[in-house]
Amino acid sequence: MHEAVDKILVSQEAIMKRCQELGEEISDDYRKKNTVPYVVALLKGSVPFLAELVKHIDLDIQFDFMDVSSYEGTESIGDIKINKDLDCSVKGLSILLVEDIVDTGRTLKEVTKLLKNKGAEDVKVVSLLDKPDRRTVEIEADYVGFEIPNEFVIGFGLDYDQKYRNLPFVGVLKREYYE
Ligand code: IMP
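Presented here is a report on the structure given in the accompanying data block. (Residues numbered from 1 in each chain as written. Predicted model: local features only at pLDDT ≥ 70, side-chain atom pairs only at ≥ 80, totals over all residues. Heavy atoms only, no water.)

1. What about the packing of aromatic side chains?
Across all of its chains, the model carries 5 aromatic pairs by this definition. Both rings, one in Phe63 and one in Phe65, keep their centres 6.0 Å apart while their planes meet at 75°; by these two values the pair is edge-to-face. For Phe63, a relative accessible area of 43% translates into the label partly exposed. Phe65 sits in the partly exposed class, given a relative accessible area of 23%. Arranged with centres 5.9 Å apart and planes meeting at 80°, the rings of Phe152 and Tyr160 form a pair that is edge-to-face. (Phe/Tyr/Trp six-rings, centres within 6.5 Å; stacked < 30°, edge-to-face > 60°. Buried < 20%, exposed > 50% of the residue type's maximum accessible area, 1.4 Å probe, protein only.)

2. Remarks on unusual backbone geometry
Following Leu43, the chain continues into Lys44 via a peptide bond in cis, with omega recorded as -10°. In this fold, Lys44 is placed in the loop between β2 (38-43) and α2 (47-54). One non-glycine residue, Phe156, lies in the positive phi region at around 45°. Its location among the elements puts Phe156 in the loop between β8 (153-154) and β9 (170-173). (Helix = DSSP H or I, 4+ residues; strand = E, 2+ residues; numbered from the N terminus.)

3. Comments concerning helix α3 (residues 106-117)
A rise of 1.5 Å per residue sets the reference length of α3, with its 12 residues, at 16 Å; its end C-alpha atoms lie 16 Å apart and thus fit the reference within 8%. Every buried residue of α3 is accounted for by Thr107, Leu108, Val111, Thr112 and Leu115. End-on, the buried residues of α3 take up no more than an arc of 120°, which puts them together on one face. (Expected span 1.5 Å × (residues − 1). Arc of directions from axis to C-beta.)

4. Quick word on the environment of Val54
The residue Val54 is located in helix α2 in this model. Once the C-alpha coordinates of Val54 and Ala4 are considered, the two residues, 50 residues apart in sequence, prove to be 29 Å apart.

See the structure below:
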């Protein structure tokens, strides 16, 4: 195990299996609605999750990226800043927003609002992780990989000061690394 990791919360095998389940569920849901989602992933944390998830979405999707800042160190900050906007207009589209983790929920709320303001017809959210104990705004992801306790986690896209995103599992960061 990596020296920065206190314990593994979600193994690589569990993530692979869950991505397959989520991909199948998403494909079924959109097929029933006769819609193909425009997949929007939030940089950078959602990239490993997006890469695994889309292999299991059996629809002719397109994906695009947005980069918003909402996090510094281990504390979420209020307003989001758009560092990279989408390449295309989302007017009239059904968006599937891909997130790494829903923590306070502020990022999700702001980005969802923004996409609706840009004319998106529908915005659904899929998040690899959910920390419900930390929520400060009322918002839930439509599809969640794993609910986790209130711990600072790294790996499978999640970082601490931009490091550890490449770990193939989700683990708890050792306290001495940020205290
Ligand atoms: P929210 O706006 O508070 O929901 O924060 C969402 C963002 O905070 C996520 O997209 C992550 O980038 C970051 N974040 C929240 N919790 C963690 C964590 O435990 N480890 C790493 N990043 C986190």
